[in-house]
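As a plain string of letters, each chain reads:
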Amino acid sequence: MPGSGLEALDRATLIHPTLSGNTAERIVLTSGSGSRVRDTDGREYLDASAVLGVTQVGHGRAELARVAAEQMARLEYFHTWGTISNDRAVELAARLVGLSPEPLTRVYFTSGGAEGNEIALRMARLYHHRRGESARTWILSRRSAYHGVGYGSGGVTGFPAYHQGFGPSLPDVDFLTPPQPYRRELFAGSDVTDFCLAELRETIDRIGPERIAAMIGEPIMGAVGAAAPPADYWPRVAELLHSYGILLISDEVITGYGRTGHWFAADHFGVVPDIMVTAKGITSGYVPHGAVLTTEAVADEVVGDQGFPAGFTYSGHATACAVALANLDIIERENLLDNASTVGAYLGKRLAELSDLPIVGDVRQTGLMLGVELVADRGTREPLPGAAVAEALRERAGILLRANGNALIVNPPLIFTQEDADELVAGLRSVLARTRPDGRVL
């Protein structure tokens, strides 16, 4: 079907997340290779976002397609309910335990990150219930956190847009100040970690530690543009939580599988959670998949004599597990964790050069997880909307990345090269130099 026909069909049939119904434009992609994708008109784009921080090994890896086809011909799918399993699920669980920091030794498979966070919340509450502490139902999260749009995962997501108009959300959730050092107005002149820890203590005292099940957080906050906390934040948070018997859930849906230059951000920060949620990079998006890892102590309670009464149809999907194993092989064989560190550092340095532009407020980088925060005024740090910048970058420079609010989210594939980085920075400079303080691009 010609490109124009596909675009018209798209407008007539597909509901796009976050897209206004008044927007007629569509970009229909048809192929990809490495860090590049192409649309129905044959135009090529540099994918500087790894789609949604997903495609660690890049697009068009024929070996992953072969693995999927071979697995489908042998055993395409079987569940992991009851006593039944499949060989690929068992192999992948063992592989993940080997890659993950101790004592994360038990694995529950999902089809994605939001599902994983739903399971993590259930595990946390059930853990306390089965220990005789059924009053522990409260979940602590942070404002500006993104954990998905399910009932539970959406309930702990800290953006108002995901709550407004949807009726009652998940009860017993409290939102804390996010540790975003650039947004120093949030901390009343105090040290970021000191402020956040004092607020956390006050919140625990107000709710009552005997009523709190867990705190959930992204090690590095992705939706606001790679906002990493101070180095002492997670160690001090974990120590305080554990002193009250409160579980720590780490949402590593974006940060996992090499994004930070480590297999997991837990390695980067030196803090191992009680429950770790992963997805995205586990298969580089070639098949939807996710995995929740937890400690033996948590697993003993949530499984116990009664079993864990929560299961998804596609948990442990054989083809997804086979692709995940092959994807992890590529990450290891091609040293993509090292590439994330070296090219990430280079790209961070190049992006920092954009600070000579008055609308660039902050540039942040951990591995190949980067963000550029746009401001209308550097003195006040007034946010400058980035949507027009992302659109102009696509139209004028052939570069794809996401803007969320005033943050440009840069999460390229882990195969990104220095030449790709240079192309990205040149395109960004050409657009940002023409961007006005009201967000318009001339």
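Everything here concerns the structure above.
As the structure is a prediction and not an experimental result, all values here were calculated from the model. (Residues numbered from 1 in each chain as written. Predicted model: local features only at pLDDT ≥ 70, side-chain atom pairs only at ≥ 80, totals over all residues. Heavy atoms only, no water.)

**Some points on the packing of aromatic side chains**
- Taken as a whole and assessed by the stated rule, the structure comprises seven aromatic pairs.
- Between tyrosine 257 and phenylalanine 264, the ring centres sit 5.1 Å apart and the planes meet at 70 degrees, which makes this aromatic pair edge-to-face. Across the pair, phenylalanine 264 and tyrosine 257 agree in class, each one buried.
- Members of the aromatic cluster, connected to one another through ring pairs, are Tyr146, Phe159 and Tyr162. (Phe/Tyr/Trp six-rings, centres within 6.5 Å; stacked < 30°, edge-to-face > 60°. Buried < 20%, exposed > 50% of the residue type's maximum accessible area, 1.4 Å probe, protein only.)

**Focus on helix α11 (residues 318-333)**
- Taking 1.5 Å as the rise per residue, α11 with 16 residues should run 22 Å; its terminal C-alpha atoms sit 23 Å apart, in good agreement.
- In terms of burial, α11 is largely enclosed, as 13 of its 16 residues are buried.
- Phi turns positive one or two residues past the end of α11, at asparagine 335, with a value near 50 degrees. (Helix = DSSP H or I, 4+ residues; strand = E, 2+ residues; numbered from the N terminus. Expected span 1.5 Å × (residues − 1).)

**Details of the packing of helix α13 (residues 387-397) against helix α14 (residues 418-432)**
- Running from N to C, α13 and α14 point in directions that differ by 115 degrees, and their axes come no closer than 9 Å. Seen along the crossing, α13 lies across α14 with a hand that is right-handed. Counting all contacts with α13, which are made through Val389, Ala392, Leu393 and Ala397, the residues of α14 involved are Gly427, Leu428, Val431 and Leu432.
- For the contact of α13 with α14, a count of residues per class yields seven nonpolar, one polar and no charged. (Axes fitted to C-alpha atoms, helices over the stretch in contact; angles between N-to-C directions. Left-handed = near helix turned anticlockwise from the far one by under 90°. Contact = heavy atoms within 4.5 Å. Nonpolar A, V, L, I, M, F, W, Y, C, P; charged D, E, K, R; others polar.)

**Thoughts on the sheet that holds strand β6 (residues 173-176)**
- Judged by pairing direction, the sheet is mixed, and its seven strands sit side by side in the order β4-β10-β9-β8-β7-β5-β6 without closing on themselves. Since the sheet does not close on itself, it has two edges, and those belong to β4 (104-110) and β6, each with one partner. Neighbour to neighbour, the strand axes of the sheet diverge by 20 degrees on average, direction disregarded.
- Two elements, strand β7 (residues 212-217) and strand β8 (residues 247-251), share four bridges in a ladder whose sense is parallel. (Pairing = 2+ DSSP bridges.)

**Notes on the pattern of salt bridges**
- Enumeration over the complete set of coordinates arrives at 29 salt bridges.
- The salt bridge partner of aspartate 87 is arginine 88, with a shortest N-O separation of 3.9 Å.
- We classify aspartate 87 as partly exposed; its relative accessible area is 32%.
- Owing to a relative accessible area of 21%, arginine 88 belongs among the partly exposed residues under this scheme.
- Linking glutamate 91 and arginine 88 is a salt bridge whose minimum nitrogen-to-oxygen distance equals 3.0 Å. Placement of the pair is glutamate 91 and arginine 88 together in helix α4 (residues 87-99), with a separation of three residues, close to one helical turn.
- Connected through salt bridges with shared partners, the residues Arg183, Glu185, Asp362, Arg364, Glu373 and Arg381 form a single ionic network. (Salt bridge = Lys/Arg side-chain N within 4 Å of Asp/Glu carboxyl O.)

**So, the layout of surface pockets**
- Reported here for the second largest pocket is a volume of approximately 670 Å³.
- Contributions of two or more residues to the lining of the second largest pocket are made by α4, β4, β10 (290-295) and α10 (296-303).
- When residues of the lining of the second largest pocket are assigned to their parent elements, the largest contribution, five residues, is made by β4.
- Tallied by class, residues from the lining of the second largest pocket come to 18 nonpolar, eight polar and one charged. (1 Å grid on protein atoms, 1.4 Å probe; cavity = no way out; pocket = protein on both sides within 12 Å on 5 of 7 lines; lining within 4 Å. Points joined across faces, edges and corners; volume = space filled by probe spheres on them.)

**A closer look at the sheet that holds strand β14 (residues 399-400)**
- The strand order across the open sheet built from four strands is β1-β2-β3-β14, with neighbouring strands paired in mixed fashion. If you trace the sheet from one side to the other, it starts and ends with β1 (29-33) and β14, each paired once.
- Here β1 runs beside strand β2 (residues 36-39); their pairing, made up of four bridges, is antiparallel. Directly across from leucine 29, in β2, lies its bridge partner aspartate 39.

**So, the environment of tyrosine 314**
- Residue position: tyrosine 314 is located in the loop between α10 and α11.
- Among the residues examined, tyrosine 314 registers a relative accessible area of 46% and is labelled partly exposed.
- Expressed as a C-alpha distance, the spacing of tyrosine 314 and aspartate 39, which sit 275 residues apart in the sequence, is 31 Å.
- Those residues in contact with tyrosine 314 that lie beyond four places of it in its chain are Tyr77 and Ser111.

**A short note on empty space enclosed by the protein**
- Scanning the model with the defined rule gives three cavities of 30 Å³ or more in all.
- By volume, the largest cavity amounts to about 90 Å³.
- Lining the largest cavity we find 13 residues, and of these Pro219, Trp234, Leu248, Ser250 and Val271 sit closest to its centre.
- Taken together, the elements giving at least two residues each to the lining of the largest cavity come down to β8 and α9 (265-269).
- Here the lining of the largest cavity is composed, by residue class, of 10 nonpolar, two polar and one charged.

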